[in-house]
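Now for the letters of each chain:
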Amino acid sequence: MLDLTPHDSLPEELLQFRDSIRRFVDRELIPLEHAVGANGMLPPEQAEALRQRARQAGFWLMDIPEEFGGQGLPLLALAVFWEEVGRSTVASWVRDHGIFGPMVGPILLGLNPEQRARYLDPVLDGSKRSCFAQTEPDAGSDPSMMRTRAVRTEAGWRLNGVKRYITRAAAADFAIVMAVTDPDKGARGGISCFLVDLDAPGVTLAGSEKTLMGDAPSELSFEDVLVPFGNLVGEEGRGFALAQGYINYGRVRQGAHACGAAERCLALTAEYAHQRKTFGQALAERQGVQWMIADAFTELYCTRLLVYDAARKTDAGVDARMETFMIKTFGVEAGWRIIDQCMQLHGGMGLTEDTPIERFWRDLRSYRITEGPTEVLRTTLARQILKHYA
């Protein structure tokens, strides 16, 4: 393997950890890629067998604190883990495979003891599943346009509104819902977070919408849904901050996945470039191809630096929102661009399912929209830069 890790960027124990998860991915995940269906999922029996092997290998609940039975890895170690897992299409983050444990996220980990018993513990033991509901028909990347309202009553919070493109909603038992509780305070002080049981009266799950990634997000409608006072997460009006923490975490994960997917495609392309001859010359001997590969390698190296830097700062308690913006505006776009070039260099084969490139291409294309579209984050990043140098 060509080691892209910057010198001294990872301690020895993390390098050893990286090598161990890489071996697991090479041995257990990549050989199963041919079994992944059109929906991007393994057959249930193969998925369950793979979960058991992940448990036995010690790769279970990596992002869950030790107090809840997990590994409690810091974000930098998780970035290394996600990157290696991202080298295979078997466990793409776009779909909830649960190969390495249920998807939880920082919001559920911050619940109070009573909420943990009712929601977090069942998620961890596999008896419940959750989804995150923020996006609306008229409020995607702009939370100030959110229309879902939660009004305090004597009996609890009265919830009304519609959430759209909610991943995993069809299989979820409850949703983490963002709703306006004080319209006068705007997004940063007027949005709150709630745990909403999806079997509650007034909750409707609309038809799913198929996407190019193979998943099928759904629409959730809330009509006079009564949410108990005890289902408010954190403080009233602090929902935007909770959501940002969830999304910033997701951006680091996307960046790490982009690195793993791009590296795998780049390795496949380098091998193919030596084998494929056109007009009597191997692709690897053509300067145009060499320059494409050199540029791709450089972008991959820079993206990894961004991911590690954001993760390391987050672990140290430093606000790394700007760094996560750059992961999206540079790193995720670079990852998709690398894979797109790898597809181009494979020619017609790159469009087929004979290689994992086309599935990586579809997954990474979604990253340019989810967890904040790159155009919106570029604007936010530019405003901060202009403010700083004004």
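Source: prediction; values computed, not measured.

J.: Give a description of the packing of helix 1 (residues 12-29) against helix 3 (residues 75-85) that names residues and reports values.
T.: Where helix 1 contacts helix 3, the two axes come as close as 9 Å, and the packing angle between them is 25°. Taken together, helix 1 and helix 3 sit at an angle that is classed as roughly parallel. Handedness of the crossing formed by helix 1 with helix 3: right-handed. In contact with Leu14, Phe17, Arg18, Ile21, Arg22 and Val25 of helix 1, helix 3 contributes Leu76, Ala77, Val80, Phe81, Glu84 and Val85. The residue inventory of the contact of helix 1 with helix 3, partitioned by class, reads nine nonpolar, no polar and three charged.

J.: I'd like a description of the nonpolar core, backed by residues and values.
T.: One finds Phe81, Phe100 and Val252 to be the most contacted residues of the largest nonpolar core, which totals 39 residues. Sorting elements by how many residues they give to this core places helix 3 first, with nine residues. Discounting chain neighbours no more than four positions away, the residues touching Val252 are Leu75, Ala79, Trp82, Val307, Ala310, Ala311, Thr324 and Ile327. Val180, Ala187, Phe240 and Ile247 belong to the second-largest nonpolar core, a separate cluster that totals 28 residues.

J.: Can you tell me about the pattern of salt bridges, naming the residues and giving the values?
T.: As enumerated under the stated definition, the model contains 22 salt bridges in all. Ionic pairing is found between Arg22 and Glu263, a salt bridge with its closest N-O pair at 3.1 Å. Of this pair, Arg22 sits in helix 1 while Glu263 sits in helix 7 (residues 239-275), and the two are 241 residues apart along the sequence. Like Arg22, the residue Glu263 is buried in the burial classification. Notably, a salt bridge pairs Arg87 with Glu84, separated by 3.7 Å at the nearest N-O pair. On the accessibility criterion, Arg87 (7% relative accessible area) is buried.

J.: How would you explain the UniProt feature "domain: Acyl-CoA oxidase/dehydrogenase middle" (unreviewed entry) in the chain if you had to name every residue and give the values?
T.: UniProt's entry tags residues 131-225 with the feature "domain: Acyl-CoA oxidase/dehydrogenase middle" (unreviewed entry), counted in the numbering of this structure. Across residues 131-225, helical content stands at 5% and strand content at 44%; the span's end C-alpha atoms are separated by 17 Å.

J.: Describe the side chain of Glu299, with residues and values.
T.: Within the fold, Glu299 resides in helix 8 (residues 287-315). By relative accessible area, which is 16% here, Glu299 ends up buried. At a separation of 2.5 Å, a polar atom in the side chain of Glu299 contacts the side chain of Arg337. Not counting residues within four places of it along the chain, the set of residues in contact with Glu299 comprises Phe330, Ala334, Arg337 and Ile338.

Scoring rules and cut-offs
Residues numbered from 1 in each chain as written. Predicted model: local features only at pLDDT ≥ 70, side-chain atom pairs only at ≥ 80, totals over all residues. Heavy atoms only, no water. Axes fitted to C-alpha atoms, helices over the stretch in contact; angles between N-to-C directions. Helix = DSSP H or I, 4+ residues; strand = E, 2+ residues; numbered from the N terminus. Parallel < 35°, antiparallel > 145°, perpendicular 65-115°, else oblique. Left-handed = near helix turned anticlockwise from the far one by under 90°. Contact = heavy atoms within 4.5 Å. Nonpolar A, V, L, I, M, F, W, Y, C, P; charged D, E, K, R; others polar. Core = buried A, V, L, I, M, F, W, Y, C linked by side-chain atoms within 4.5 Å. Buried < 20%, exposed > 50% of the residue type's maximum accessible area, 1.4 Å probe, protein only. Salt bridge = Lys/Arg side-chain N within 4 Å of Asp/Glu carboxyl O. UniProt positions renumbered as here; feature names shortened; annotations may be inferred. Polar contact = N/O pair within 3.5 Å; in protein donor to acceptor, adjacent residues only side chain to side chain.

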